Structures are given as structure tokens and as C-alpha cells.
Protein chains: 6
Amino acid sequence: MKVCRRETFNAAHRLYNPSFDDAKNDAIFGKCNNLNYHGHNYAILVCLDGPIDPETGYVIDLKILSDILDEEVKEPFDHRNLNLDCPEFENLIPTAENITLVIWNKLRKRLDSKYEIEVTLWETERNSVFYNGK
Amino acid sequence: MKVCRRETFNAAHRLYNPSFDDAKNDAIFGKCNNLNYHGHNYAILVCLDGPIDPETGYVIDLKILSDILDEEVKEPFDHRNLNLDCPEFENLIPTAENITLVIWNKLRKRLDSKYEIEVTLWETERNSVFYNGK
Amino acid sequence: MKVCRRETFNAAHRLYNPSFDDAKNDAIFGKCNNLNYHGHNYAILVCLDGPIDPETGYVIDLKILSDILDEEVKEPFDHRNLNLDCPEFENLIPTAENITLVIWNKLRKRLDSKYEIEVTLWETERNSVFYNGK
Amino acid sequence: MKVCRRETFNAAHRLYNPSFDDAKNDAIFGKCNNLNYHGHNYAILVCLDGPIDPETGYVIDLKILSDILDEEVKEPFDHRNLNLDCPEFENLIPTAENITLVIWNKLRKRLDSKYEIEVTLWETERNSVFYNGK
Amino acid sequence: MKVCRRETFNAAHRLYNPSFDDAKNDAIFGKCNNLNYHGHNYAILVCLDGPIDPETGYVIDLKILSDILDEEVKEPFDHRNLNLDCPEFENLIPTAENITLVIWNKLRKRLDSKYEIEVTLWETERNSVFYNGK
Amino acid sequence: MKVCRRETFNAAHRLYNPSFDDAKNDAIFGKCNNLNYHGHNYAILVCLDGPIDPETGYVIDLKILSDILDEEVKEPFDHRNLNLDCPEFENLIPTAENITLVIWNKLRKRLDSKYEIEVTLWETERNSVFYNGK
């Protein structure tokens, strides 16, 4: 059984690879390569797959998961510039894929290994990413 | 191929374990342990995985699934108090996890075994549960 | 210019008029008259109409409005039984209309008279109420 | 890792099997068998499962996927009558299931075999279909 | 105080003016002029502005409004071709504007004159129309 | 009668008043004052109030409004830093209120005076602004 919690945060970012020249960054990242950054309201859905505790009827108290998401996602990323303010992306392009990967790895360290973890991240209403560690 | 139908119902509930004392119920269930109940608009998505019937182009006529959801979910649970009005939860804490389990088991009895069944239940915009019988 | 803040809460309620007999309550309120209560996730949108402060570019800092909504709406109503736990509805049927009226009156007392106040309340995805004091 | 793109289109259709007589078509397809067609706003979510390219941080540039969806889905189906205007449904009933199957097959031909493809199609807010080629 | 009810229906339509030639119809209505029709899921929000009945706490029982919408909107328009099946549009182009006007006029005849009526119609996620009789 | 078009764009911004010192900017703008910017997915709904053209059944062809929004909103603001890239905010704090005002004024210059214009801007799921020029 999976239980899921949805949270939101918003941040600025810029997509570019410092090993590419400007023309290649423009060709690959287009508008997302804007020198002065742009930004998004990110929505994140985190699902934990595990057994129901018969005493509580919970897989996990979602308040606990929400608190962990505050510490691992909202505190470090909300109202930040992912490229400049967040050491996680010092050497990693902050694409939706990499943001999802970073969040999944942070949660894996915080959550009991009995839970399988799935992370879905929406960068816009139309673009999203899913990762479950496999 | 999976086909899915979304329905909604609303109900009151209270989360507590009668074998716990008040302090432990408060510690575990917090605001959800309110003595006089609180309530939710639940949304449910039921997906059936099975083959397409080449004569109709349907996996199942979703009208049939909708009628079964009326009988098994909306009639017994909508505008009810899950703890007091619904025998399904006489000895089962009506967490989102247990509501999902109860609905999945009811549907498993009503639907042809050729269909795999998935149930997603949203208790709020932020909290949801998924179960597929595995 | 109007600025708006959306919040959510959930609560149990029962619709009945104690001056009606059971048959009339059933006839008028139907399933909403369930003796043991039912419940909803309520969503509320509060809009304040007023001038932009040229120094801040704000009509109001929405954090301030959000804090007032926590005190006047979420603290007293969230995870409660409106009929039993909330003195506001001791002699008032907790229909969506009356909940909206109660909230508007509470906000009118807390907010500077330079703001016109509009309150929209969704009881379900399909049913909503709007009130602006007129 | 999966990345997903959501698009929309709208079209008219009629559900009937020319090998059935009118009574049987009515019994099976009900209102969807209306002789003069009816229509829907379809929403489609296409997810591609594949590895992250370490140079770009992308599984795929979603602009590329969006362009393919324009060519394979929006251009041929948007503002069309699926039964009359679209050769894909000349001998295939345009149920949500078959529309999904047709789109999946079109995308399978256009996309690198390193990507697994998942297609979700919403015909209404309540009815949807999922297919991943298995 | 306003109370509102949301309903949905889906229909096929074609936009053209029989007094224009084909070139002018194409120039003005573009893809919406497709000879074989296309279609939409329409969502409609109807709001009634009136006083709260102190005995019931209702402006109107929304079940009554929902029943009227079934009779005046869903029964005649759902799963229909607006141009061919609906006499309301025999001499009226079924644009979102005109559909809204037709619905408003139908409701005005059915509802007590103490209610002001507002109708919002969504033709797609991005296009909508509002009319209040003024 | 009003017709409305919804569009989206995303941008980075920072809220601060250069005539305030750092402490005052922090006190008033909090997290929104982050030196390195943050960002949002903005959604905008533009409604035009005017008469129906009896020949077309349109208040305005929404394709025309959409094209104007591309030129006046999406081209200048999408994937930009409002503070650094957009001369409109060189001397104006890019709060949701001021962005809405800027857009309304741009549209007023582009649209026939027979239309009244309403602009609603969502900065997040919870925060929005409405302006109609009054």
C-alpha cells in the first residue's frame, strides 16, 4: 500500500552546462538558459510503499512525512535560486530530472528502508518527472 | 490496458484505537482524534487492467463500473459517519489506508477476476493512498 | 485592486432545524440531515479590495491575511464538528451559506475598513457560496 | 526515470460497431451512439522512461516530445471528427481505449527504442485510460 | 449572497455562418469550421444571488438547481450535436457566447425572479464565457 | 457578456524597495527578498466585457486575444527575470499587484475601448490578484 503527500515550493533556476560554449547552451537549453534566471512553482508528490501498521491503520503518519519534506525540500529550496543558493546543484544542472533525483536521495537517507519511495515533480502544469530509485 | 473512473463522496470520521488510552490516541492521531468527529470530501479513482474487447473497443463499459461504485462506495459511505454508520469500520480504524483496503476488497468481489484492480483515494488535496492488492 | 488568499479546512456537520420535526428535516435536508454527521473538505478564497501601497507594491501582505485566516477560520473550524464544537453554530444551521456569513463577519472585525472583503467557500467540487457583505 | 508531457485536443466522435444492428449499438454504446456525433476535450499525458543524459540533465528535451505530439496527435486529431476525418479510425471504434492504443503505436514509431512509453488519456474529468504497450 | 452549482456536459458543434461563403467562414472560424464537426467537454457554473432563508440557512437547495440544470442543460445538450440535434441552435451559431446566452434565458424562465442569475461556461481549460443578463 | 482566455508564463523575481535598508526589506518582504531571486509559474486570466457580434456569435475571437497576450505578456515576461530583464519593472517592485497593473495597462492600449478588461493573476495556487481598471 502506498501513501502520498503533496507539497509545493518555488525557486529560480537557469539551465546550462559550463563545459558547453554559449551557442551550444542556447541550442540545447533555449529559453531555459536565460542568463538572469527564470523560475517555477514546483509541486512534489512523495509516495511511500509499505505495510499498514495494524495498531494505527497508518502506513506512516503523513504529518511525519510532511515534516521531513519541510526539512529536506522546502527549507533548502523554497524561495531560493537553485544554481546560486543550493550546494546540491553546485555541479549539477537543476533540470526537473536532477531536482527529482536529489530529493529522492535526500528522502532515502531519512526514511526507514522498509518504505519504497516514489517522487513525482511538476515543473509546470505540462511538464513532470517521476523517479522511484530503479 | 487500464481504464479508470473517478467518483467522490463525503463522510465524517474519527481516528482512534479503543485499546489505547486518551493520551496515546492524542499523541498518535492528533487533531484527527477529535471526539465529535471531523470530515472530508473523498475522491476515489478506480482503474481496471484488462484486455480490450475487440467488438466494443472497451476494456469495460465505465457505466458498469460507475454503477458498481454507486452500490459499493457511494450508497454505504456518502453523507455517513464512517465510525458510527458503517459496519465495515466497526472494528477497523477508518484511516485513508483502511478505507482504501475496504473498497478494494468490496470491488474484488464484484468484478471479474480477469481485471486487476487499482484504487487511489484522496482524503485531502495533499494526502492520498494507492492500493492494488499486492 | 483585489488580492486573494486560498486556504482549506475540514469539518463534520449536520443540517437540521430543531424547530422542525424529523419528517420535515428529512424532506428539506435529505442526506445532509444524517443524525451522526457527515463532513467536507472546505476550500475558502478571501479577497480584499483596496489600494496598492506604493512603497511595498502590496495591497496587503498576504502572509498577514493568511495568519488572520489561521486564527479566525482554521484554528476554530479545522478538524471540528461545526454543530458540537463551534459556538458560532450553536443556534445557526451550518450550511455553506451560514459558514460563509460567519467567516465574513469575523474577518470584517479583524481587517481595516479600507478593505472590501469577498469570501468564496467551496463545500464540494460542485457547490460553492460567495458573499461580499452586500 | 520518467519524464511526462501533457497536451490537449478536442474532437467529435460516435461509438458504434457497423456489424451490430441499431438496437445492439444502442444497448452497448447508449448516448455515445448518437447518430450526429458528440465530442470531448481530450487531455493526454505521455511519459518516457529512460536514462538521464549526464551532459544535459535531461531524459529528453520535452520540447522535442511536444513537437512530436503536435505532429502525431494534435495535427491529425484536434478539431476533427475522429470517425469521418481520421483514417486511423476508419475500421476501429474511437473509444478512449482505441484512441490511446493508436497514439501509443504512433509514438512507438517516432521515439528511440531506449524509451519505454506510457500514455494516459482523459476523455472527461471522470473517465481515463492508461497504456504502456504491455 | 450567491450560491453556485457546477455541472458538465459534452457535445459536438461546428461554427459557421450560412450567410458567409466558405472562404469567409474559414477566415473567421478557422479550425472550428471543420465540416464534420468537432467537440468539447463543457463545464458550467450557475450562481444564484438572493437572500438566505432563515429557516433553512439556504439561498436555494442546490439539489433543486441541479435538477433544473439536468432538465434544461444536460438532457437537451449532453452527448448531442448542437447544430443538428438542438433546435435552440437551428438559427444561432453555437459559439460559447451563444450557448451561455441560451442557457441563461432557459434558467431565467425556470427560476424565481428574486434570484439574479450568473452563468459561466468553460469550452476548454483556456476559454470561458460569463453572462449575468446585463 | 464577458469572454476569458487563460495563459501561463514563468519568471524569476525579487521583491525589495531600493529606498529601504536591508533590515526593512527583510522585515517587509521576508523570503521574497532573497538576493539571488526566486520564481513562479504565473497563470493569467484575461476577460473582455462587450457585446456579441451577431454575425459571428463572438464577443472577440479568442485567438486574437491569445495572440495579443503572446506579444504583450509571454514574449516579454516568459522565462525572464522580471527585475533584470524587463524595463517595465526597472522602477516598480514586481509584486503580483504591480505585474497585474502593468499587464492591464498594456492590454488597455491594444484592445478596442468597447471592451472592459479584467485581469486575474495567480502567483501560486493560493495567492492571486484581480484588477479591472477601477
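This write-up is about the structure you can find in this document. Starting afresh in each chain, residues are numbered from 1 along the sequence in its written order. As a convention, the first chain written is A and the first ligand written is 1, with the rest following in written order. Under the rules for a predicted model, residues below a pLDDT of 70 receive no local features and side-chain atom pairs below 80 are neither given nor counted, while totals for whole chains, interfaces and linings still include all residues. Excluding hydrogens and water, the side-chain figures rest on all heavy atoms present in the structure.

### Description of the pairing of strand β5 (residues 127–131) of chain E
Any residue under 20% of the maximum accessible area for its type is buried, any over 50% is exposed, and the rest in between are partly exposed; the area is computed with a 1.4 Å probe on protein chains only. Labels follow the DSSP assignment, with helices taken as runs of H or I lasting at least four residues and strands as runs of E lasting at least two, numbered in each case from the N terminus. Counting buried positions over the five residues of β5 of chain E gives five, a clear majority of the element. Residues of β5 of chain E alternate between two faces, with Asn127, Val129 and Tyr131 of chain E on one and Ser128 and Phe130 of chain E on the opposite face, all of them buried. Strand pairing is assigned whenever DSSP identifies at least 2 bridges connecting the two strands. Across four bridges, the pairing between β5 of chain E and strand β1 (residues 2–13) of chain F is antiparallel. If you follow asparagine 127 of chain E over to β1 of chain F, its bridge partner there is arginine 5 of chain F.

### What about the interface of chain F and chain A?
Each side of the interface is counted separately: chain F has 23 residues, and chain A has 23 residues. Together, the buried faces of chain F and chain A total about 1800 Å²; carbon and sulfur atoms form 42% of this surface. It is Asn36, Asn41 and His79 of chain F that lose the most area in chain F upon contact with chain A, and together they represent 32% of the buried surface on that side. Between Lys or Arg on one side and Asp or Glu on the other, a salt bridge is scored when a side-chain nitrogen of the former is within 4 Å of a carboxyl oxygen of the latter. Viewed at the interface, chain A and chain F are joined by four salt bridges. Pairing of N or O atoms within 3.5 Å defines a polar contact, subject to two protein rules: one partner must be a possible hydrogen donor and the other a possible acceptor, and residues neighboring in sequence count only if both atoms are side-chain atoms. Applying the counting criterion to the chain F and chain A interface returns 21 residue pairs in polar contact (both at pLDDT 80 or more). Sorting the residues of the side of chain F that touches chain A by element identifies β1, β2 (38–49), β3 (80–81) and α3 (82–85) of chain F as the ones contributing at least two each. It is β1 of chain F that provides the largest number of residues to the side of chain F that touches chain A, a total of five residues. Amino acids outside the nonpolar list (Ala, Val, Leu, Ile, Met, Phe, Trp, Tyr, Cys, Pro) and the charged list (Asp, Glu, Lys, Arg) are all regarded as polar, and Gly is one of them. Among the residues making up the side of chain F that touches chain A, the classes are represented as five nonpolar, 11 polar and seven charged. The contact criterion used throughout is that any non-hydrogen atoms of two residues lie within 4.5 Å. We define buried area as the total accessible area lost by two parts upon association, computed with a 1.4 Å probe and summed across both.

### Focus on the interface of chain A and chain B
Contact with chain A, which involves 17 residues of that partner, is made by 19 residues of chain B. Each partner contributes to the roughly 1500 Å² buried at the junction of chain A and chain B, and carbon and sulfur atoms together form 50% of this total. Joining chain A to chain B, the criterion identifies one salt bridge. Here glutamate 7 of chain A makes a salt bridge to arginine 126 of chain B, at a shortest N to O gap of 3.2 Å. In this assembly, chain A and chain B are joined by eight residue pairs in polar contact (both at pLDDT 80 or more).

### Remarks on the relation of the copies chain A and chain B
Our superposition of the copies is a least-squares fit, built on the C-alpha atoms of residues whose pLDDT is at least 70 in both. The two copies are related by a screw operation: chain A maps onto chain B through 120 degrees of rotation and 0.0 Å of translation along the axis, at an RMSD of 0.0 Å. The relationship between the two copies is best expressed as a three-fold rotation axis.

### Considering the state of the cysteines
Pairs of cysteine sulfur atoms within 2.5 Å are what we label disulfides. Under the defined criterion, the tally for this structure stands at six disulfides over all chains. What pairs with cysteine 4 of chain C in a disulfide is cysteine 47 of chain C, and their sulfur atoms sit 2.2 Å apart. Its S-S torsion of about 105 degrees marks the bond between cysteine 4 of chain C and cysteine 47 of chain C as right-handed, since a negative value means left-handed. Of the two residues, cysteine 4 of chain C is situated in strand β1 (residues 2–13) and cysteine 47 of chain C in strand β2 (residues 38–49); the sequence distance between them amounts to 43 residues. An identical accessibility class is assigned to cysteine 4 of chain C and cysteine 47 of chain C; each is buried. Lacking any disulfide linkage, cysteine 32 of chain D is separated from the closest cysteine sulfur, that of cysteine 86 of chain E, by 16 Å. Classification of cysteine 32 of chain D by relative accessible area gives buried; the value is 16%.

Purely geometric stuff here, so don't read any function into it on its own.
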